[in-house]
Amino acid sequence: MTNPAESIEIQNVVASTGIGQELDLEALAEDLPGADFNPDNFPGLVYRTQEPKAAALIFRSGKIVCTGAKSIDDVHEALGIIFGKLRDLSIPVEEDPEITVQNIVSSADLGHNLNLNALAIGLGLEDVEYEPEQFPGLVYRMDDPDVVILLFGSGKIVITGGKHTDDAEGAVAEIVDRIEDLGLLG
């Protein structure tokens, strides 16, 4: 059997930052080629970078949320591009604004089909949500690391809520141990 930890792939990194001053999004939308700003649909301006592929949601308050990146390095690179574009428009941005990772979403494959009904009972109903009529996955809230794991009958899992890249590795190791202890893996 392949090691499930080797199948972990980061799907999305969400991070936030700010430039410490209010922005005129209408003017910014005109001055920033490729920016999308439709305040009737969403209060922020959306600016997408292609390399690395990410989207920045820029708000009037000066707060910026970066989403869609596949790594923490990509977040820093994408936000660096955005900070540069803002500086090019004579908007003062400090040299190295603090960037805070809010969420890392990863996926992995346990390599075996799972009996979600048995898992729902075995993992403890207080940490589990499983309503197959509503959603085909089992939602498991883990304390250490502090993440939420979506488990599917195929053995595929999604780990969300991590703040560090190694949270997914810890979560996979912990869930594999729990499932093996229950005798439900394979």
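Residues numbered from 1 in each chain as written. Predicted model: local features only at pLDDT ≥ 70, side-chain atom pairs only at ≥ 80, totals over all residues. Heavy atoms only, no water.

- The name given to the chain in an unreviewed UniProt entry is TATA-box-binding protein, with the source organism recorded as Halopenitus salinus.
- Its UniProt record gives the chain a comment under Sequence similarities (unreviewed entry), which states: "Belongs to the TBP family." (UniProt positions renumbered as here; feature names shortened; annotations may be inferred.)

### What to know about the nonpolar core
In step 1: Ranked by internal contacts, the top residues of the largest apolar core, which has 28 residues, are Leu28, Leu45 and Ile58.
In step 2: Put simply, the parts of the chain that give this core at least two residues each are β1 (9-18), α1 (25-31), β2 (45-50), β3 (53-58), β4 (63-69), α2 (72-88) and β5 (100-109).
In step 3: If one sorts the elements of this core by residue count, α2 sits on top with six residues. (Core = buried A, V, L, I, M, F, W, Y, C linked by side-chain atoms within 4.5 Å. Buried < 20%, exposed > 50% of the residue type's maximum accessible area, 1.4 Å probe, protein only. Helix = DSSP H or I, 4+ residues; strand = E, 2+ residues; numbered from the N terminus.)

### Side note on the pattern of salt bridges
In step 1: Evaluated as defined, the whole model comprises four salt bridges.
In step 2: Among the ionic pairs, Arg60 bridges to Glu26, the shortest N-O distance being 3.3 Å. Of this pair, Arg60 sits in the loop between β3 and β4 while Glu26 sits in helix α1, and the two are 34 residues apart along the sequence.
In step 3: For Arg60, a relative accessible area of 36% gives the class partly exposed.
In step 4: Exposure remark for Glu26: the relative accessible area of 41% places this residue in the partly exposed category.
In step 5: The salt bridge involving Asp36 is made with Arg48; its shortest N-O contact spans 2.9 Å. Of the two residues, Asp36 sits in the loop between α1 and β2 while Arg48 sits in strand β2, which places them 12 residues apart along the sequence.
In step 6: According to the relative accessible area criterion, Arg48 is partly exposed, its value standing at 46%. (Salt bridge = Lys/Arg side-chain N within 4 Å of Asp/Glu carboxyl O.)

### Here we look at helix α4 (residues 166-181)
In step 1: A rise of 1.5 Å per residue sets the reference length of α4, with its 16 residues, at 22 Å; its end C-alpha atoms lie 23 Å apart and thus fit the reference within 8%.
In step 2: Within the sequence span of α4, burial applies to Asp167, Ala168, Ala171, Val172, Ile175, Val176 and Ile179. Down the axis, α4 shows its buried residues gathered within 160° of arc, on one side only.
In step 3: On its buried face, α4 sits against β5, α3 (116-122), β7 (138-142), β8 (147-151) and β9 (156-162).
In step 4: Just downstream of α4 lies Gly183, where phi reads positive at about 70°. (Expected span 1.5 Å × (residues − 1). Arc of directions from axis to C-beta. Contact = heavy atoms within 4.5 Å.)

### Overview of the environment of His76
In step 1: You can see His76 is positioned in helix α2.
In step 2: Given a relative accessible area of 40%, His76 falls into the partly exposed group.
In step 3: With 72 residues separating them in the primary sequence, His76 and Pro4 have C-alpha atoms 28 Å apart.

### Observations concerning the packing of aromatic side chains
Given two aromatic rings, their pairing is described by the distance between the two centres and the angle made by the two planes.
In step 1: Scanning the model with the defined rule gives two aromatic pairs in all.
In step 2: On the numbers, 5.8 Å between centres and 65° between planes, the contact of Phe135 with Phe152 is edge-to-face. Here Phe135, found in the loop between β6 (128-129) and β7, pairs with Phe152, found in the loop between β8 and β9; they are 17 residues apart in sequence, far enough to count as distant. (Phe/Tyr/Trp six-rings, centres within 6.5 Å; stacked < 30°, edge-to-face > 60°.)

### Re the side chain of Asn103
In step 1: Following the sequence through the fold, Asn103 ends up in strand β5.
In step 2: A polar contact of 2.7 Å, which involves the side chain of Asn103, links it to the backbone nitrogen of Gly161.
In step 3: Among all residues touching Asn103, those that are not within four sequence positions of it are Asn12, Val13, Val14, Thr160, Gly161 and Gly162. (Polar contact = N/O pair within 3.5 Å; in protein donor to acceptor, adjacent residues only side chain to side chain.)

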